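Commentary on secondary and tertiary structure
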Amino acid sequence: MASDSGDSNMDREMILADFQACTGIDNIAEAITLLELNNWDLVAAINGVIPQENGILQSDFTSEASQATMYGPPSHPEPVDAAARSAGPPPSSSSSSSSPPLSSTSAFCPINSSTRHIVERQPRMINFTVEYRQKSVELMLEESSTVGDIKGILQTELGIPASKMHLKGWKSGDVSDSTVLRSLHLPKNNTLYVLTPDIAPTASTSKNSALQDSLNQNFLLVINHREAQRDYSLNFPGSKTIQEVKRNVSDLTNIPVRHQQWEGWPASVSDDSMTLALSGISYPCHHLSVCRRSSPANAQEPTEECTDVHMISDSEGDDFEDASEFGVDDSEMFGMSSSSCRKSPMMPENSENEADALLHFTAEFSSRYGETHPMFYIGSLEAASQEAFYGKARDRKLLAIYLHNDDSVLSNVFCSQMMCADSIVSYLSQNFITWAWDVTKEANKARLLTMCTRHFGSVVTQTIRTYKTDQFPLLLIVMGKRTSNEVLNVIQGNTTVDELMMRLMGAMEIFTAQQQEDIKDEDEREAREMVKREQDEAYRLSLEADRKKREAQEREEAEQVRQEQMRKEQEEEKEAIRLSLEQALPAEPGEESGEQISKLRIRTPSGEFLERRFLGSCKLQVLFDFVASKGFPFEEFKILTTFPRRNITQLDPGSTLLEAKLFPQETLFLEAKE
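Conventions adopted
- Residues numbered from 1 in each chain as written.
- Predicted model: local features only at pLDDT ≥ 70, side-chain atom pairs only at ≥ 80, totals over all residues.
- Heavy atoms only, no water.
- Helix = DSSP H or I, 4+ residues; strand = E, 2+ residues; numbered from the N terminus.
- Contact = heavy atoms within 4.5 Å.
- Areas by Shrake-Rupley, 256 points an atom, 1.4 Å probe, with all protein chains shown as cover.
- Disulfide = S-S within 2.5 Å.
- Pairing = 2+ DSSP bridges.
- Axes fitted to C-alpha atoms, helices over the stretch in contact; angles between N-to-C directions.
- Core = buried A, V, L, I, M, F, W, Y, C linked by side-chain atoms within 4.5 Å.
- Buried < 20%, exposed > 50% of the residue type's maximum accessible area, 1.4 Å probe, protein only.
- Expected span 1.5 Å × (residues − 1).
- Polar contact = N/O pair within 3.5 Å; in protein donor to acceptor, adjacent residues only side chain to side chain.
- Salt bridge = Lys/Arg side-chain N within 4 Å of Asp/Glu carboxyl O.
- Arc of directions from axis to C-beta.

The name recorded for the chain in an unreviewed UniProt entry is Pre-rRNA processing and 40S ribosomal subunit assembly, from Characodon lateralis.

So, on to the overall build of the chain. In terms of regular secondary structure, the chain is built from 18 helices and 18 strands. Excluding contacts between residues fewer than 6 apart, the proportion of contacts in the chain whose partners are at least 24 apart in sequence is 64%. Summed over all atoms, the accessible surface of the chain reaches about 36000 Å², with 48% contributed by carbon and sulfur.

Here we come to the state of the cysteines. For the structure shown, the criterion picks out 0 disulfides. You can see C415 has no disulfide; the closest cysteine sulfur is in C420, sitting 6.8 Å from it.

With that settled, the discussion passes to the sheet that holds strand β9 (residues 260–263). Read from one edge to the other, the open sheet built from 4 strands follows the order β8-β7-β10-β9, with strand pairing classed as mixed. Whereas interior strands pair on both sides, the edge strands pair on one side only; in this sheet they are β8 (230–237) and β9. Recorded for the sheet is a direction-independent mean angle of 30° between the axes of neighbouring strands. Here β9 pairs with strand β10 (residues 285–292) via 4 bridges, running antiparallel. Paired with Q261 across the two strands is C291, which belongs to β10. This element, helix α8 (residues 242–253), spans β7 (218–225), β8, β9 and β10 of the sheet and lies at about 145° to β8.

What follows covers the nonpolar core. F365, L399, W435, W437 and L504 are the most contacted members of the largest nonpolar core, which totals 71 residues. With 7 residues, the top contributor of residues to this core is helix α17 (residues 497–584). Those residues in contact with F365, other than ones at most four positions away along the chain, are M346, G370, H373, F376, Y402, C415, M419 and C420.

Taking 1.5 Å per residue, 16 residues should reach 22 Å; helix α11 (residues 354–369) reaches 22 Å between its end C-alpha atoms and fits that length. Listed in full, the buried residues belonging to α11 are E354, A357, L358, H360, F361, T362, A363, E364, F365, S366 and Y369. The N-cap of α11, judged by a side-chain oxygen 2.7 Å from the amide nitrogen of A355 a few residues on, is N353. Positioned one or two residues after α11, G370 has a phi angle of 100°, which is positive.

With that out of the way, let us pick up unusual backbone geometry. Following F472, the chain continues to P473 via a peptide bond in cis, the omega torsion being 0°. Along the chain, the position of P473 falls in the loop between α16 (458–466) and β13 (474–480). Each neighbour pair has its own omega, and for F663 with P664 the value is -5°, a cis peptide bond. Position of P664 among the secondary structure elements: in the loop between β17 (637–641) and β18 (665–672). Unlike most non-glycine residues, N39 shows phi in positive territory, near 55°.

Before going further, it helps to spend a moment on the pattern of salt bridges. Close approach of charged atoms allows side chains with opposite charge to pair. Within the structure shown, the criterion is met by 28 salt bridges. E526 serves as the salt-bridge partner of K392, at 2.9 Å between the closest nitrogen and oxygen. Residue K392 is located in the loop between α12 (381–389) and β11 (398–404), and its partner E526 is located in helix α17; the two are separated by 134 residues in the primary sequence. Of the charged contacts, one joins E559 and R562 as a salt bridge, the two residues approaching to 2.5 Å between their closest N and O atoms. Of this pair, E559 and R562 both sit in helix α17, separated by 3 residues, roughly a single helical turn. Given a relative accessible area of 33%, E559 falls into the partly exposed group. Taken together, the shared-partner salt bridges in this structure form one network comprising R124, E143 and R182.

Moving on to the environment of A21. In this fold, A21 is placed in helix α1 (residues 12–23). With relative accessibility at 22%, the residue A21 sits in the partly exposed group. Each C-alpha atom of the pair A21 and P123 lies 10.0 Å from the other, and the pair is 102 residues apart in sequence.

We now examine helix α13 (residues 411–419). For α13, the full list of buried residues reads S411, F414, C415, M418 and M419. End-on, the buried residues of α13 take up no more than an arc of 110°, which puts them together on one face. Where α13 is buried, its residues contact α11, β11, α14 (422–431) and α17.

Our focus in this paragraph is the sheet that holds β17. One open sheet holds the 4 strands; their spatial order is β16-β15-β18-β17, and the pairing between them is mixed. Here the strands that pair on one side only, and so sit at the sheet edges, are β16 (609–615) and β17. When strand polarity is set aside, the average angle formed by the axes of neighbouring strands in this sheet is 30°. Direction of pairing for β17 relative to β18: antiparallel, over a ladder of 5 bridges. Across the sheet, residue F637 finds its bridge partner in β18, namely A672. Contacts from helix α18 (residues 620–629) reach β15 (597–603), β16, β17 and β18, with the element oriented near 150° to β16.

Here the focus is the pairing of β15. With 7 bridges joining them, β15 and β16 adopt antiparallel strand pairing. Looking at the pairing, K599 lines up with R613 of β16. Count of turn residues in the β15/β16 antiparallel hairpin: 5 residues, of which G607 carries a positive phi of about 95°. Sheet topology places β15 next to β18; 5 bridges connect them, and they run parallel. Paired with K599 across the two strands is Q665, which belongs to β18.

With respect to the secondary-structure elements, M165 resides in the loop between α6 (147–158) and β5 (166–168). You can call M165 buried: its relative accessible area is 2%. Counting along the chain gives 14 residues from M165 to K151, while the straight-line C-alpha distance between them is 7.5 Å. For M165, the contacting residues outside a window of four places in its chain are K151, L154, Q155, I160, V194 and L195.

We now examine the side chain of S273. Among the secondary structure elements, S273 is positioned in the loop between β9 and α9 (276–279). Other than its neighbours up to four places away in sequence, S273 contacts G169, Y193 and T241.

Glancing now at the environment of K392. For K392, a relative accessible area of 46% translates into the label partly exposed. In contact with K392, other than residues within four places in its own chain, are E522 and E526.

Dropping the structure here:
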């Protein structure tokens with residue numbers, strides 16, 4: 001066997017088949033997980049599962065001599081012939097609980113023509129913790145063992161005849177000794193309880209005696225059905241489990257176990273597999289009440305109510321009183337002859353709301369086949385399609401449409417063994433949107449065909465019509481495309497878990513390839529849109545900058561116009577004042593006037609000189625008005641003498657030139673005020 005991972009000449013289906021054949025792992029999902037952890041390297045995956053001392057494959061051999069060491073453990077050097085290969089491993093055996101039965105037979109690993117080596121087959125092992133009175137026994141058996149094998153081991157360990165044992169704690173109810181463990185779909189670890197009502201308790205402790213007495217006692221449960229306002233008085237032996245009581249009450253009230261809401265159980269009740277004797281209920285009579293949890297799917301009340309009874313029929317009929325004294329036939333116990341008490345349809349006929357119909361379908365499916373099932377989408381087919389096909393490419397999924405038909409003999413087997421298998425449930429939940437519909441009633445079937453025609457076209461509708469009742473149930477695998485939806489596969493009810501898983505995986509491979517293309521296209525489109533958005537944003541910012549620049553320029557120009565207008569107004573005002581002052585000045589006296597004349601020479605800041613004659617009796621205000629009329633207002637300029645330096649503007653404007661000593665002549669100069 002070649003040791004390089006990812007052998008290009010071996011496809012994954014062949015690797016998966018080889019890996020299962022070599023390791024004995026029947027769970028496809030578990031096998032795929034182990035292979036993916038080893039990057040689909042078959043040798044590495046086998047080496048990781050099978051211990052080194054059990055003749056595992058080695059990935060570093062390079063010669064014929066090294067290949068010869070691969071044909072079994074050193075203690076079994078003889079090659080296995082074809083007859084031994086076809087016979088398979090013998091059934092397991094055990095002698096005590098300390099030595100749980102393990103397969104010790106080596107089997108061929110039929111990988112391919114170029115890679116044939118013998119490895120030890122390792123079947124799936126299941127652990128059991130068995131409780132009996134004060135004893136606890138740990139067991140580990142192959143899933144190919146039967147319930148009778150467990151009893152055989154317990155007979156050796158506990159010293160109790162197997163025929164006297166009652167094993168309780170099975171999630172699926174009572175099972176026969178011939179039941180194979182694999183068919184029960186058990187988890188890795190399980191807890192069972194051994195009851196021996198026909199064997200008197202030993203005198204080891206008073207506690208053991210009291211417990212056995214409780215198991216042999218009959219408990220009267222008075223159960224009030226709150227919706228129907230009726231009381232049921234039921235006798236149960238202490239060996240009955242709470243789960244069995246709830247199932248019997250489900251038959252009486254038509255309330256599935258998962259929808260039952262109880263009041264009155266002791267706080268110590270933590271597990272439905274607990275017996276009544278261990279539950280802590282009152283003896284000899286205990287009162288309980290039950291009702292249906294509020295749910296749109298369960299709003300319809302049963303049309304026929306079962307008759308009050310004081311006991312229920314059971315395979316252990318000797319433990320109960322005769323029901324005939326209460327006026328109830330054995331055939332009518334718990335509605336065995338009444339369809340209304342036995343089970344309700346998977347989906348109500350002519351339901352107006354698809355979501356309510358799907359809620360009812362899910363509740364009824366769980367009631368019939370257990371809580372382990374695919375998570376059905378609650379909503380219309382259109383909403384399920386939107387959820388699966390029209391999100392982001394990375395978030396899209398395949399759409400699995402489950403079509404149920406109660407009239408088909410394959411329905412119960414397909415639902416319980418395929419749809420409720422852990423591997424199928426896990427794979428559907430991770431990769432599919434699962435939508436369901438019941439086509440048992442013609443009205444519901446016609447409604448489905450109308451929906452399929454609208455969403456998938458007439459071809460799909462015609463395909464569904466061609467299937468006969470005994471070919472149901474159907475599982476349609478639908479993939480969304482850019483322009484239309486395509487049905488990749490139609491899986492009929494007559495299949496196996498392995499075949500169903502392989503077909504689901506095949507559809508996923510097609511979908512994954514298409515999804516990668518869609519993701520690439522979406523990324524490229526988003527990149528283009530991002531560039532366009534960046535360009536649009538840059539253009540918007542450029543326009544915004546231009547707008548702000550234009551507005552600033554307009555504001556600046558408006559300010560300049562305003563300032564210019566103000567300047568003109570001020571100049572006009574000054575000119576008006578100057579003219580008024582100039583006109584108000586007294587006439588300049590002549591040189592030959594007989595009055596005292598003062599001749600003043602005034603130098604301006606520009607170096608020019610202003611000359612004028614004034615009467616000596618003139619007020620200084622006349623001098624100030626003369627200077628202002630020449631453009632040098634009193635508020636802005638001061639008049640100074642040369643020597644000594646005096647500020648004439650600080651003198652009283654009402655004094656005369658003579659009083660200011662500006663006579664007969666004086667040279668002055670103007671200086672701007674600070």
